[in-house]
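Architecture and fold: a report
Letter by letter, the chains look like this.
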Amino acid sequence: MPSISMFYGIIIYMYGRDNKQHNLPHIHAKYAGEYAVFDIATGELLDGKIPQKQIQLVKTWILLRQEELFANWELAVSGDVPYKILPLQ
């Protein structure tokens, strides 16, 4: 699972061919040993648990990078490696 970005201690991942388990385009976030899954279209927390402050940071980043995330999703589900995306600054 390649990481596609990292900011404020949050690591963002996108799995290749991960549309079988979750049909929605999504990302995985890891923070301090906790994991969460977010919908790319809405920024909604789909599963998992990370602190509220980090949830807000991930949601903000998703909204800023949505176009790139959707492009990466297409790469990932077709089996290609997604590109790195600029972090939240």
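Structure shown above.
Quick look at the structure, then. On a predicted model such as this, the values are computed, not experimentally measured, just so you know. (Residues numbered from 1 in each chain as written. Predicted model: local features only at pLDDT ≥ 70, side-chain atom pairs only at ≥ 80, totals over all residues. Heavy atoms only, no water.)

What to know about the side chain of serine 5
As a reminder of what qualifies: Where helices and strands are cited, they refer to DSSP runs of H or I of at least four residues and of E of at least two residues respectively, numbered from the N terminus. In this scheme, a residue with accessible area under 20% of its type's maximum is buried, one over 50% is exposed, and one in between is partly exposed, where area comes from a 1.4 Å probe on protein chains only. Counted as a polar contact is a pair of N or O atoms within 3.5 Å, where, for protein atoms, one must be capable of donating a hydrogen and the other of accepting one, and residues adjacent in sequence contribute only when both atoms are in side chains. Any two residues whose heavy atoms approach within 4.5 Å at even a single point are treated as in contact.
Among the secondary structure elements, serine 5 is positioned in strand S1 (residues 3-7). Judged by its relative accessible area of 6%, serine 5 is buried. For serine 5, the side chain forms a polar contact with the main-chain oxygen of isoleucine 85, separated by 2.9 Å. When residues no more than four places from it in sequence are discounted, the contact partners of serine 5 are Ile10, Ile11, Ile12, Trp61, Ile85, Leu86 and Pro87.

Some remarks on the pairing of strand S2 (residues 10-13)
Convention followed: By this definition, two strands are paired if DSSP reports at least two bridges between them.
Sheet topology places S1 next to S2; 4 bridges connect them, and they run antiparallel. Opposite phenylalanine 7, over in S2, you have isoleucine 10 as the bridge partner. Taken together, S1 and the strand that follows it, S2, pair antiparallel across an intervening segment of 2 residues, in which tyrosine 8 is found at a positive phi of about 50°. Relative to strand S3 (residues 26-31), S2 runs antiparallel, the two being bridged by 4 bridges. Bridging across to S3, isoleucine 10 finds its partner in tyrosine 31.

Focus on the pattern of salt bridges
Close approach of charged atoms lets side chains of opposite charge pair. Let me state the cut-off plainly: Think of a salt bridge as a Lys or Arg side-chain nitrogen and an Asp or Glu carboxyl oxygen that are within 4 Å of each other.
Inspection of every chain in the model, using the stated rule, returns 1 salt bridge. With a closest N to O distance of 3.7 Å, glutamate 68 and arginine 65 form a salt bridge. Exposure remark for glutamate 68: the relative accessible area of 34% places this residue in the partly exposed category.

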